[in-house]
Structures are given as structure tokens and as C-alpha cells.
Amino acid sequence: MTSMSQSFYIHTFGCQMNQADTEIVTALLVGEGFVPAADEAAADIVLLNSCAVRENAEERLGNILTQLKGRKRRRKELIIGVLGCVPQFERERMFSDYPFVDFIVGPDNYRELPGIIANSREQKRLARLDYDQQETYAGIDPVRTGTISAFLPVMRGCNNHCAFCVVPVTRGRERSVGFERVVAEVAALAAAGFREVTLLGQNVNSWHDAEKRLDFAGLLEGVSIAAPQMRIRFTTSHPKDISESLVKVIAARANICNHIHLPVQSGSSRMLDLMKRGHTREEYLDRIAMIRRHIPDAAITTDLIAGFCTETEEEHQQTLSLMEEVGFDSSFMFHYSVRPGTWAARNLPDDVPEAVKKRRLQEIIDLQNSISREKYQGDIGQTVEVLAESESKRSSSQLMGRTMTNRAVVFSRGECNPGDTLLVKITGATSATLTGEAV
Ligand code: SAM
Ligand code: SF4
């Protein structure tokens, strides 16, 4: 097969897992002689790595596809492919709504991409959407966009069945990358000069290596020992699966960041039951208490959904009260959108009016902003360890970095460069950023 040095550009939507997948797809294409284009306009092939988790990500995909339609009309040889979660469950609609799309490829079929591109001139409307229970892309060396912090998927798919969530439909059953391979990849990242790695999985704390009889606590410990000079992060943890042994490992190992992202979705036990999350409000609070017992200064962040099916005003208030009780450091907040193929789409009425969903979401956002502002202001006067990641957006004389608790800090750079770890005295705070001076 020959690519004749065709260039490609990838639009990436959605979560860190999709960003990591884009790095894998880039490696697969570069390995076959394709070259990355500087921007979409210069590319012979435009790929859209799609996200189906919420309706608005799908809408943004639609907007870009609509722009590409005009481009393809002007340049017939342009190749357009949609990858990832959306085509996995919208196969028919992809080709009927966007007939100019050349091919669609699901998350387990990226190895076939170079061949699919090569054939796309002869064979129109190719679709590769097979689930592959074994595929982890282990052994492919991703082409990473950064040099300081890396994402490393340690598992793919999800075996849970949360009523609102399309991920089990789009990404299939859960599978883990083996212990030895993960540890070797982290060691290689450390040797290449990376300062931080985030281990990724939709439900990362159900990672396991059956042969080695290890769970995620064992993996985290192994990784932390293999790369003692690196910061280790991980996401996403599911409340029902976060174990005391895992929390003890985080507490014991200095290079594992004391930040746990623990999506709760709702503060109402009835909602949690309807969402099929597998725990109650009280059980969630017990987990938070357990975490705080072992790691008193842990940052805890979450995901929240406003206006899930049949949610009452009182149940919404329970979400607000849970937020105050836990005091989340920050949150990703969404209003519910029906996702085709989910249990909720088939069985529950989407009966909270759009305006009510939006108003509840705004109340959640306002409360989170005030909690975060208070927490961040509590850091003023403290000296914290920061890993510098990049120049700040506003000025090249300032750097942006993160604390172990994942707070963004902007500080005057002095002699420092991205990649340095340094102490910063915090002098100011908003609800999303700390400011300070290197000490
Ligand atoms: N695996 C993670 C977990 O269980 O917590 C979450 C993965 S999901 C890709 C990220 C977040 O998107 C969820 O935690 C949820 O808050 C949100 N989400 C998922 N489906 C949604 C829907 N149909 N409407 C609104 N938000 C949704
Ligand atoms: Fe979706 Fe639930 Fe799996 Fe998270 S744990 S990916 S919300 S099904």
C-alpha cells in the first residue's frame, strides 16, 4: 500500500480517551507514510474523531461536517472519515445525513484505517464498526502532542450499564492492558523526559490483570515505583469500585497525585438508583469520608447531571446539598440529554423541560463556582509544588502549571521553563485559577 505522502488532519472531540485515541491513530497513519498536516485546509484527508456522550458534542460534529461539505464540493479528491463513538451507533444516519463522508470507523478498528483510506476512492461508504474484545492498541507507540504530560489508556470499554450513558454501546466490553506493558510504557515515558502520566479508563479502578492477580491499586503502586520522578494521575474512578486499598496506595506514594475524580451525577438516592449507578447518596458520602481519613488534603472533583428523567425539584436540591456537604474542588456539569441506545432512552421519560434542566444546571454551576472560589482563596499565602506545563495564554513572561491537587496556577516565570517542578507562593485566586510567585 502507498500513501504517496498524503497529509491528514484530525479533529478530536470529547474526553481524554479520545485525545489518546487520536495519538494512536496518528501513529498508525504515520507508520504507513501519511504525514500530519499543519491545519485542516492543507490536508488531503480530514478525520473527525467523534464523541457521542452528550448531544452537544454530536452537534459540533455536525457543524464541522457541514463546513466540510462545501470544501469537498470544491475539492472532489478530499477524503473525509468519521471515527470513534458516533458512527458506532449512528451508522445509517452518518451516511444518509452526510453522504459526502467516505468512511466511518469505530473505536476498535483503527488498525484498518490505512487500508480503508487507500481503498476509499474505489469503495465508497466503507464502514468498519466491529467490536473487538481483545483490542487495546497495546504495542503502538502513540505520536504524542505534548512533551511534559502524557495520557496512557490502561483499559478500554466499560462493563457498567449506567442508564444515561452510551459508552458501553460505543466502546464495547471492558478490557485491560497487562501490568508489565503498562509499567514498561510508563518507564519509557519517564526515560523520554515526560514529567507526568495520566492512566486512563472509563472505569479505571476496575482495571485488573487476571494472570498476575493484580487490581488497580497494584497497578498504581507498580507504576509509581517504576517512575518515581514522574507525577502519576488517573481517571475516571467509579464510586462503587473505589477501594480502601487503592486510597492507601495514593496516600503512601508521594508521586501519586492526591486528586480523585469521583463522578456522583446526583445527590438523590432515587436518581442514583434510576441511573443504575450502584450506590446511594449515603454510600457515596461514606467513600468520601474514607478518602479523607487517609488523605485529608485530597482534592475531590466530580461530574454532575442536571434534570435526569423524572428528577423533582427536591431531588435537584439534594444534588446542591451534596455538593456543599462534600465541597467538591471542581466539577464537570451537564444537563441531561437522551442518548439513543441507552437504557434511559428506551425505558424512561425525558420529562424535565429543557428550560428547567438549564436553570437547574445554572444553579449547580453557580454553587460550584462559589465553593471553588472559597477553596481556592483558602490557598492564598500557602506555598505549593507546581509542575510548569506551558507559557500562560496572556503573557510569555508567565507560566501555567498545576498543583498535585490539579489546580491551575499562573506565575511569573523567572528562570523557569515548562517541565520544571518548583515551589510557588500563592498570592491570588479566582474560582478556577491560582496566581503566585516562584519562591
Ligand atoms: N466513566 C465515567 C463515570 O462513570 O463516572 C464517566 C464517563 S462519561 C464519558 C463522562 C460524563 O458525561 C459522565 O460522568 C456524565 O456526567 C456525563 N454524561 C454521560 N452521559 C450523559 C448524558 N446522556 N447526558 C448528560 N451528561 C452525560
Ligand atoms: Fe458510562 Fe457508567 Fe461506564 Fe462511566 S461507568 S462510562 S457513566 S456506563
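The structure presented is a predicted model; accordingly, all values stated were derived computationally and were not measured. (Residues numbered from 1 in each chain as written. Chains lettered and ligands numbered in written order. Predicted model: local features only at pLDDT ≥ 70, side-chain atom pairs only at ≥ 80, totals over all residues. Heavy atoms only, no water.)

Section: the nonpolar core
1) Next: Among the nonpolar cores identified, the biggest contains 53 residues, and L199 and L220 are the most heavily contacted of them.
2) Next: The element best represented in this core is helix 7 (residues 179–191), accounting for six residues.
3) Next: Non-local contacts of L220, meaning those with residues more than four positions away in its chain, are made with L199, I232, F234, L246, V249, I250 and I256. (Core = buried A, V, L, I, M, F, W, Y, C linked by side-chain atoms within 4.5 Å. Buried < 20%, exposed > 50% of the residue type's maximum accessible area, 1.4 Å probe, protein only. Helix = DSSP H or I, 4+ residues; strand = E, 2+ residues; numbered from the N terminus. Contact = heavy atoms within 4.5 Å.)

Some thoughts on the site of ligand 2
1) Next: Residues in contact with ligand 2, as listed here, are C158, N160, C162, F164, C165, V167, P168, Q202, H238 and R277.
2) Next: For the shell around ligand 2, the per-class residue count stands at six nonpolar, three polar and one charged. (Near = heavy atom within 4 Å. Nonpolar A, V, L, I, M, F, W, Y, C, P; charged D, E, K, R; others polar.)

Thoughts on the sheet that holds strand 16 (residues 330–335)
1) Next: Read across the open sheet, the three strands follow the order 14-15-16; overall the sheet is parallel. Sheet topology places strand 14 (259–261) and strand 16 at the edges, where each strand pairs with a single neighbour. The average angle at which neighbouring strand axes cross in this sheet is 15°, direction not considered.
2) Next: Judged from the three bridges that link them, strand 14 and strand 15 (residues 299–306) form a sheet pairing that is parallel. Each bridged residue has a counterpart across the sheet, and for I260 the counterpart in strand 15 is I300. (Pairing = 2+ DSSP bridges. Axes fitted to C-alpha atoms, helices over the stretch in contact; angles between N-to-C directions.)

Some thoughts on the environment of H238
1) Next: Relative to the helices and strands, H238 resides in the loop between strand 13 (231–235) and helix 9 (244–252).
2) Next: Counting along the chain gives 45 residues from H238 to E283, while the straight-line C-alpha distance between them is 12 Å.
3) Next: Not counting residues up to four positions away in its chain, the partners in contact with H238 are N160, C162, N203, N205, L262, R277 and H279.

Section: helix 1 (residues 16–31)
1) Next: In a regular helix each residue adds 1.5 Å, so 16 residues correspond to 22 Å; helix 1 covers 23 Å between its end C-alpha atoms and thus fits that length.
2) Next: Extensive coverage of helix 1 is indicated by the burial of twelve of its 16 residues.
3) Next: The complete set of buried residues in helix 1 reads M17, N18, A20, D21, T22, E23, I24, V25, T26, A27, L28 and L29.
4) Next: Note on helix 1: the residue one or two positions beyond its end, G33, has a positive phi of about 95°. (Expected span 1.5 Å × (residues − 1).)

Topic: the domain arrangement of the protein
As a measure of interface size, the accessible area lost when the parts come together is often cited.
1) Next: Each domain of the protein was delimited in the assignment, giving domain 1 (3–128), domain 2 (149–375) and domain 3 (383–438).
2) Next: Inter-centroid distance (C-alpha atoms) of domain 2 to domain 3 is 26 Å.
3) Next: Listed per partner, the contact involves 17 residues of domain 2 and 15 residues of domain 3.
4) Next: Taken together, both faces of the contact between domain 2 and domain 3 bury some 1,200 Å²; the carbon and sulfur share is 46%.
5) Next: Inspection of the domain 2/domain 3 interface yields two salt bridges.
6) Next: Among the ionic pairs, R231 bridges to E385, the shortest N-O distance being 3.7 Å.
7) Next: Here domain 2 and domain 3 share seven residue pairs in polar contact (both at pLDDT 80 or more) between them.
8) Next: At the level of elements, strand 13 and helix 14 (354–377) are the ones that each hand at least two residues to the side of domain 2 that touches domain 3.
9) Next: Among the residues making up the side of domain 2 that touches domain 3, the classes are represented as four nonpolar, five polar and eight charged. (Domains from an automatic or database assignment. Buried area = accessible area lost by both parts, 1.4 Å probe. Salt bridge = Lys/Arg side-chain N within 4 Å of Asp/Glu carboxyl O. Polar contact = N/O pair within 3.5 Å; in protein donor to acceptor, adjacent residues only side chain to side chain.)

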